[in-house]
Amino acid sequence: MNVPRVTIRDVARAAGVSPAAVSKVLNDGYGVSAAMREKVLHAVGELGYRPNAAARAMRGRSHTVGVVADIREPIVGQITEGIQEGLEESSLDVLLAPAASARARQRSCIDAMLHRNPDGLILVVPALAYSALEALGQMIPTVLIGRHGGGRHFDSVMDDDAMGARLAVEHLAGLGHERICHIAMPMGGFRRPSVLPQTAREDGYVAAMRDHGLEPDVITTDYSEEGGHTGALAALERAEPPTAVFAGTDTVALGVLRAAHERGLRVPEDLAVVGADNIPVGALPQISLTTIDPAGKLNGSTSARLLRERIDGRRNPVTHAITPSMIIRGTTEPRRESDQR
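Residues numbered from 1 in each chain as written. Predicted model: local features only at pLDDT ≥ 70, side-chain atom pairs only at ≥ 80, totals over all residues. Heavy atoms only, no water.

1. Points about the sheet that holds strand S12 (residues 325-327)
Sheet architecture is open: six strands sit in the order S7-S6-S8-S9-S10-S12, paired in mixed fashion. Looking at the sheet topology across the chains shown, the edges are occupied by strand S7 (218-220) and S12. Recorded for the sheet is a direction-independent mean angle of 20° between the axes of neighbouring strands. With three bridges joining them, strand S10 (residues 290-293) and S12 adopt antiparallel strand pairing. Bridge pairing in S12 links threonine 291 to isoleucine 327. Packed on one face of the sheet, helix H10 (residues 225-236) meets strand S6 (180-184) and S7 and runs near 145° to S6. Running over the sheet, helix H11 (residues 250-262) touches S6, strand S8 (244-247), strand S9 (272-276) and S10 and is turned about 155° from S9. (Pairing = 2+ DSSP bridges. Helix = DSSP H or I, 4+ residues; strand = E, 2+ residues; numbered from the N terminus. Axes fitted to C-alpha atoms, helices over the stretch in contact; angles between N-to-C directions. Contact = heavy atoms within 4.5 Å.)

Here you go:
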């Protein structure tokens, strides 16, 4: 039995707007209010509307891929390098739009990118609502990096962040630590399973601590050096401070190391520290940070491969999880008997 194709008029009827307004939203025309965009994209997602492929083809290919990412994050450089490597044997060039983590800023950058008519989009840790991501995936081949949960109309590449947190806890517990603090970041209004890396890492940490018979200890600040510093100082002021900290990112871990230095603590003798992301500065001998390596370049190259498949016509969604690894350096070591508190 043939299912009638959803038309632009169906979308207009469901959204309570004109077909012209729907077309304007789908083509990112100027003068579209946020309320109208939300209504139209919601109707697109609910009805499963797909723009006519022939009409899209008439616009021609630009042979470009739009990458939207917060370039302030150190790991974005590794991801972008991987994307470029993954596109080397294709005719596709990268257009990079630097976007902050705020949802409105990301939406603005995506809209600006769509005006350039790219053949596909790669969004790094997108903060958009799930419904907006689904609607976007129906309009243009789209791959998300770092967003957990997958989707029906886009592909997803992410680290197994829960496993990475488990590796950190198992490493620290294996060294004799019991009071292991985790510095996390707010969930940000997202709902499981469609969450950002910080939530998956916190979930993995809590589960691993309980599996080891240990009490989880989460301090929520933000993923910045200052956030790590603030969180660590709060933890270290307790009557029974932690002997180890699993920081949500390496940048957070740098703040933890600063706090330890200010408190006159030796690392790793008095306080062990584990980060995540394996940024280059953490490997410097002066820092020598033990960290979880999320394979940033592999995230990028995998997303590029999936996007090329999407552009070539694949429609079924793919969710690809990358297994992280542990890099042990100088900020962790086995606890001596004299270090036990």
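Don't stop here, the text continues.
2. Side note on the packing of helix H1 (residues 8-15) against helix H3 (residues 34-47)
Running from N to C, H1 and H3 point in directions that differ by 120°, and their axes come no closer than 9 Å. In terms of axis orientation, H1 runs oblique to H3. For the element pair H1 and H3, the recorded crossing hand is right-handed. For the pair formed by H1 and H3, the contact residues are Asp10, Val11, Ala14 and Ala15 on the first element and Lys39, Val40, Ala43, Val44 and Leu47 on the second. Taken together, the residues of the contact of H1 with H3 sort by class into seven nonpolar, no polar and two charged. (Parallel < 35°, antiparallel > 145°, perpendicular 65-115°, else oblique. Left-handed = near helix turned anticlockwise from the far one by under 90°. Nonpolar A, V, L, I, M, F, W, Y, C, P; charged D, E, K, R; others polar.)

3. Side note on helix H9 (residues 197-211)
For H9, which comprises 15 residues, the first-to-last C-alpha distance of 21 Å matches the rise-based estimate of 21 Å (1.5 Å per residue) to within 8%. Within the sequence span of H9, burial applies to Pro197, Gln198, Thr199, Ala200, Arg201, Gly204, Tyr205, Val206, Ala208 and Met209. The secondary structure elements touched by the buried residues of H9 are helix H8 (161-174), S6, S7, S8 and S9. Once H9 finishes, glycine 213 follows within two positions and takes phi at roughly 75°, a positive value. (Expected span 1.5 Å × (residues − 1). Buried < 20%, exposed > 50% of the residue type's maximum accessible area, 1.4 Å probe, protein only.)

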